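# Architecture at a glance
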Amino acid sequence: MSLVVTLIFKMIFVGNHYSWTTIYQQHHLIVGLTLNMVGAVIYMLFIIALAFLLITVIRVNAAVVGIGLAIGFFGAGLSSFMMGAFPGLTAIIKWNPLNMINIIGQLANANDSKFSLLTDSQLIWANLTYVLIFLIVGMVVFKRQRV
């Protein structure tokens, strides 16, 4: 839906002033748009799986919402802070779930890899792995809960 709205807005407001093949940062505009959308979809899968896990583990809705908002706003920054605070453990810390939030910006902008310290493919696979882990753990916890 967002792609359709973007295309309509481009035709209405910009017209032929900018071509989709114009290079902006490292990519053509259309490639950058696609990479941003792919990053957003992977991030949404990650957040949905995390929310499912949190809802099954924490029974208080307000706490789940608060934790989700905190992770969304502060997660990537906290992850960067931890990697800077413990440089000897960076090889391990860079795989933490909070670092996976960096996928949104890094796919479209290769310079953002300095924040996550992971390549694009590592970040994609790590996100998908965390999605599976969160879903599996969430399902196990959900099946064991008494209603």
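The sections below set out a description of the structure shown in this document. Predicted, not measured: the structure shown is a model, and the values here were computed from it. (Residues numbered from 1 in each chain as written. Predicted model: local features only at pLDDT ≥ 70, side-chain atom pairs only at ≥ 80, totals over all residues. Heavy atoms only, no water.)

## Focus on the overall build of the chain
When helices and strands are counted, the chain shows seven helices and two strands. Going from the N terminus to the C terminus, the chain shows its helices and strands as α-β-β-α-α-α-α-α-α. Once the C-alpha set of the chain is aligned to its principal axes, its extents read approximately 60 × 40 × 25 Å. Scored against the burial criterion, the 147 residues of the chain give a buried share of 28%. In the chain, of all internal contacts separated by at least 6 residues, the share reaching a separation of at least 24 is 56%. (Helix = DSSP H or I, 4+ residues; strand = E, 2+ residues; numbered from the N terminus. Buried < 20%, exposed > 50% of the residue type's maximum accessible area, 1.4 Å probe, protein only. Contact = heavy atoms within 4.5 Å.)

## Remarks on unusual backbone geometry
Phi is positive for Leu 117, which is not a glycine, with a value near 60 degrees. Summarising the element assignment, Leu 117 is placed in the loop between α6 (113-116) and α7 (120-144). Judged by its relative accessible area of 39%, Leu 117 falls in the partly exposed class.

## Thoughts on the packing of aromatic side chains
Tallying each qualifying case throughout the model produces four aromatic pairs. Ring plane angle 50 degrees and centroid distance 5.6 Å describe the contact between Phe 46 and Phe 134, whose orientation is recorded as tilted. A residue pair is termed long-range when its members are at least 10 positions apart, and Phe 46 in helix α2 (residues 29-57) and Phe 134 in helix α7 qualify at 88 residues. For the pair Phe 46 and Phe 134, a shared accessibility class is recorded, and that class is buried. (Phe/Tyr/Trp six-rings, centres within 6.5 Å; stacked < 30°, edge-to-face > 60°.)

## Digging into the nonpolar core
One finds Phe 46, Leu 50, Met 100, Ile 101, Ile 103 and Phe 134 to be the most contacted residues of the largest nonpolar core, which totals 21 residues. Those elements giving two or more residues to this core turn out to be α2, α3 (61-85) and α7. A per-element tally of this core places α2 first, with seven residues. Ignoring anything within four residues of it in the chain, the contact list for Phe 134 reads Phe 46, Ala 49, Leu 50, Phe 52, Leu 53 and Pro 97. (Core = buried A, V, L, I, M, F, W, Y, C linked by side-chain atoms within 4.5 Å.)

## A few points about the packing of α2 against α3
α3 packs onto α2 with a crossing angle of 150 degrees between their chain directions and a minimal axis gap of 10 Å. Here α2 lies roughly antiparallel to α3, going by the angle between them. Of the two possible hands of crossing, α2 and α3 adopt the one that is right-handed. Contacts between α2 and α3 pair Tyr 43, Leu 50, Leu 54 and Ile 55 from the former with Val 64, Ile 67, Ile 71 and Gly 72 from the latter. A breakdown of the residues in the contact of α2 with α3 according to their chemical character gives seven nonpolar, one polar and no charged. (Axes fitted to C-alpha atoms, helices over the stretch in contact; angles between N-to-C directions. Parallel < 35°, antiparallel > 145°, perpendicular 65-115°, else oblique. Left-handed = near helix turned anticlockwise from the far one by under 90°. Nonpolar A, V, L, I, M, F, W, Y, C, P; charged D, E, K, R; others polar.)

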